[in-house]
Amino acid sequence: MNATFLGELDQIVGREGVLRDPTDLLTYESDALARLRRRPGVVVLPKTAADVQAVVRHCHQNAVPFVARGHGTGLSGGALPAPDGVLIVLTRLNRILDVDIPNQRVTVEPGVVNLDVTQRVAPFGYYYAPDPSSQLVCSIGGNVAENSGGAHCLKYGFTVHHVLGLEAVLPNGEMVHLGGATLDTPGLDLLSVLVGSEGTLAVVTKVTLRLVRIPEAVRTLLAAFPSTEDAGNAVSEIIAAGIVPAAVEMMDRLTITAAEAAVHPGFPSAEAVLIVELDGAKAEVAELFGLVERICRSARATEIQIARDGEERARIWKGRKAAFAAMGRVSPNYYVQDGVIPRTKLPEVLRRIRALEVESGLRIGNVFHAGDGNLHPLVCYDERIEGQGALAERVASEILTYCIEAGGSITGEHGVGADKVQAMAHLFTADDLETMQLVRCAFDPTNICNPGKIFPTPRLCGEVPGPYRRHPIERAGLAERF
Ligand SMILES: Cc1cc2nc3c(=O)[nH]c(=O)nc-3n(C[C@H](O)[C@H](O)[C@H](O)COP(=O)(O)OP(=O)(O)OC[C@H]3O[C@@H](n4cnc5c(N)ncnc54)[C@H](O)[C@@H]3O)c2cc1C
């Protein structure tokens, strides 16, 4: 990266907003998937959308690849820097720009933390529904890029269902506005193309979000079961009864133990627990809650805890939301897998995961959005033991093949990023992938916007391959997968 290029970045964002010292760059080598690392050429911390636009335009003019980064909590290496590229970190674009309660929407910069949106609008009786477990730290820009989900997405939908409008900078530096204040806009739905595109089509600089009214009543129970199969049957029965819970989450013995050790939520000792939450009108919730309780009992629940107030409800959710991080209490290292299957296939896939656990000798915890069929197997390993890291990755990959074979997909919410690029070819045909690449090429014909992510095959727009191709990702001891 030459001095003139860097000097121009200083001019755009100010000297203090450009990091190039190797020690400073260390922080940005990876997202939460720490096994994939690459040092960025330079990190820039713009303060405004105009800064972002100028940085992207500068990259485009100099054919330098760039990657957008929010708060770095991604679990698929989506924010892994491009070699010798610019990492555009959006944490300083962190203002809530407009709160429009009568129209139930809020406009924010991409660096705003997910939970801050709810905290800002809660006094007016509203909240922002998509609630990834990382919502205390992850950014709205990252949520948009990943189309993030969360426990309450079963009833309320994913991020894509809550984004009304976007401002974004295209890879050539052009600023575009997609969607808007109304629910439908004429023409192609490019807004939905951008949501979930993992930072490969544009850098998002402003987001208008839909708000949801805080429901009149919320009731939460935690039911313990003698097996994950029994808990899975309870989920099927609840849905078959025509109930759409706000959330249905399952945790198995290992993740219960980890959560207990980390945040002491008072979970019972059991093979599996279900957390079921209903919300809506008071009378309706009261009636359906009784039905859920009866279904759990007839599905062999051994214990049922009912949250009596907001505090007890928060305690239960604390246990669930801490589950990933809590695995550090029971294993020196763990690999968070993310796959999705039709809900009815849960018992079958869980059985296969158990068999894999025995076969591989690695413990596998399971915590998941059971209502959505979105699995998060946590494969435990010890990287100090030669070969265990690679084994854990193979085990995690094997679980993805189970998901595909069950009619599901390789990611439910964490994205493809750099991690699952090869798995895409197992899910899609070459034609499918080429069609998707054509869309990507329409946005980014010179291949500078988060290159090397999502797609395994060469691109079709005839561009000269970017410099990133010469720099393999450092994967400590990783064997070839798939
Ligand atoms: C403990 C833990 C729990 C989690 N729980 C959940 C969960 O329940 N549900 C869920 O869906 N995810 C979950 N995640 C994953 C992660 O938090 C989400 O993917 C989140 O949306 C990432 O946001 P971020 O700001 O950290 O983005 P980053 O990690 O910084 O980036 C993620 C991707 O978004 C792109 N990006 C970031 N900002 C922009 C922008 N402004 N414009 C364009 N592209 C951009 C990046 O290039 C990258 O591809 C969890 C992660 C952890 C560590």
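Caption draft 1: View of the sheet that holds strand β10 (residues 175–179). If you walk across this open sheet you meet the five strands as β6-β7-β11-β9-β10, and the pairing is antiparallel. Two strands in the sheet have a free side with no partner beyond their single neighbour: β6 (96–100) and β10. For this sheet, the mean angle separating the axes of adjacent strands, direction not counted, is 10°. Strand direction decides the pairing type here: β6 and strand β7 (residues 105–108), joined by four bridges, are antiparallel. What sits directly across from V99, in β7, is V106.

Caption draft 2: Broad picture of the domain arrangement of the protein chain. By the assigned domains, the protein chain splits into domain 1 (3–89), domain 2 (96–213), domain 3 (217–324), domain 4 (331–405) and domain 5 (421–475). For domain 1 and domain 2, the distance between their C-alpha centres works out to 22 Å. At the interface, 14 residues of domain 1 touch 21 residues of domain 2. When residues of the side of domain 1 that touches domain 2 are assigned to their parent elements, the largest contribution, six residues, is made by helix α3 (residues 49–61).

Caption draft 3: Fine view of the site of the ligand. Close to the ligand lie 37 residues, the nearest being G70, G78, G141, G142 and G199. Listing elements by their share of the shell around the ligand, those giving two or more residues are β4 (66–69), α5 (140–146), β11 (203–210) and α12 (323–326). The element contributing the most residues to the shell around the ligand is α5, with five residues. Of the residues contributing to the shell around the ligand, the split by class is 14 nonpolar, 18 polar and five charged. Two domains each put at least three residues into the shell around the ligand: domain 1 (3–89) and domain 2 (96–213).

Caption draft 4: Just the sheet that holds β4, in detail. The mixed open sheet is built from four strands, whose spatial order is β1-β3-β5-β4. The open sheet has two edge strands with one neighbour each: β1 (18–19) and β4. As defined by bridge partners, strand β3 (residues 42–44) adjoins strand β5 (residues 86–89) across three bridges and the pair is classed as parallel. Looking across to β5, one finds that V43 is bridged to L87. Taken strand by strand, helix α1 (residues 3–13) contacts β1 and β3, and its axis lies near 15° from that of β3.

Caption draft 5: Representation of helix α13 (residues 346–360) in the model. In this model α13 runs 21 Å from its N-terminal to its C-terminal C-alpha over 15 residues, within 8% of the 21 Å that 1.5 Å per residue would give. All of the buried residues in α13 are L346, V349, L350 and I353. Down the axis of α13, the sector holding all buried residues measures 100°, keeping them to one side. Away from the buried face of α13 by more than 90 degrees, exposed residues A355, V358 and E359 are located. For α13, the elements touching its buried residues are α8 (228–240), β19 (364–369), β20 (374–381) and α14 (388–405).

Parameters and conventions
Residues numbered from 1 in each chain as written. Predicted model: local features only at pLDDT ≥ 70, side-chain atom pairs only at ≥ 80, totals over all residues. Pairing = 2+ DSSP bridges. Helix = DSSP H or I, 4+ residues; strand = E, 2+ residues; numbered from the N terminus. Axes fitted to C-alpha atoms, helices over the stretch in contact; angles between N-to-C directions. Domains from an automatic or database assignment. Contact = placed C-beta atoms within 7 Å. Near = placed C-beta within 6 Å. Nonpolar A, V, L, I, M, F, W, Y, C, P; charged D, E, K, R; others polar. Expected span 1.5 Å × (residues − 1). Buried ≥ 20, exposed ≤ 12 C-beta atoms within 10 Å, placed from the backbone. Arc of directions from axis to C-beta.

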